[in-house]
Amino acid sequence: MKFIIENKISDELVNSFDKEMSLKITKRLEEDNYNKPFDGLKDSNLLRDLARNRPELTINYIHLNDQKPFDEN
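Quick look at the structure, then. Just so it is clear, the structure is predicted and the values come from calculations on it, not from any experiment. (Residues numbered from 1 in each chain as written. Predicted model: local features only at pLDDT ≥ 70, side-chain atom pairs only at ≥ 80, totals over all residues. Heavy atoms only, no water.)

As for the pattern of salt bridges
Using the criterion set out here, one finds four salt bridges in the structure. In this structure, Arg52 and Asp49 form a salt bridge, with 2.5 Å as the shortest nitrogen-oxygen distance. Of this pair, Arg52 and Asp49 both sit in helix H3 (residues 37–53), three residues apart, which is roughly one turn of that helix. Classification of Arg52 as partly exposed rests on a relative accessible area of 31%. (Salt bridge = Lys/Arg side-chain N within 4 Å of Asp/Glu carboxyl O. Helix = DSSP H or I, 4+ residues; strand = E, 2+ residues; numbered from the N terminus. Buried < 20%, exposed > 50% of the residue type's maximum accessible area, 1.4 Å probe, protein only.)

Now the structure itself:
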């Protein structure tokens, strides 16, 4: 599944990611050059979900995740 910023974060989306797709998200977060204010938040939320469900894809980018505790429910 191709990632589109309007996609809702679902298990299917998270499971479809590979290392290349994760790298694209992290580059966007590092550059922080979004056209819409909430696009960065969407990428941040997606990276958080990837870190929780697919940690092998985000281990090198843990510094980009906000370190605040979050409710998994």
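What about helix H2 (residues 19–31)?
When the terminal C-alpha atoms of H2 are compared, their 18 Å separation across 13 residues agrees well with the 18 Å that a helix rising 1.5 Å per residue should span. What H2 keeps buried is the set Met21, Ser22, Ile25, Thr26 and Leu29. All buried residues of H2 project into a common sector of 135 degrees when viewed along the axis, lining one side. In this structure, H2 carries Lys19, Glu20 and Glu31 as exposed residues pointing more than 90 degrees from its buried face. In this structure, the buried residues of H2 make contact with helix H1 (11–16) and H3. Measuring from the side-chain oxygen of the N-cap residue of H2 to the backbone nitrogen of Glu20 gives 3.2 Å; that N-cap residue is Asp18. (Expected span 1.5 Å × (residues − 1). Arc of directions from axis to C-beta. Contact = heavy atoms within 4.5 Å. Polar contact = N/O pair within 3.5 Å; in protein donor to acceptor, adjacent residues only side chain to side chain.)

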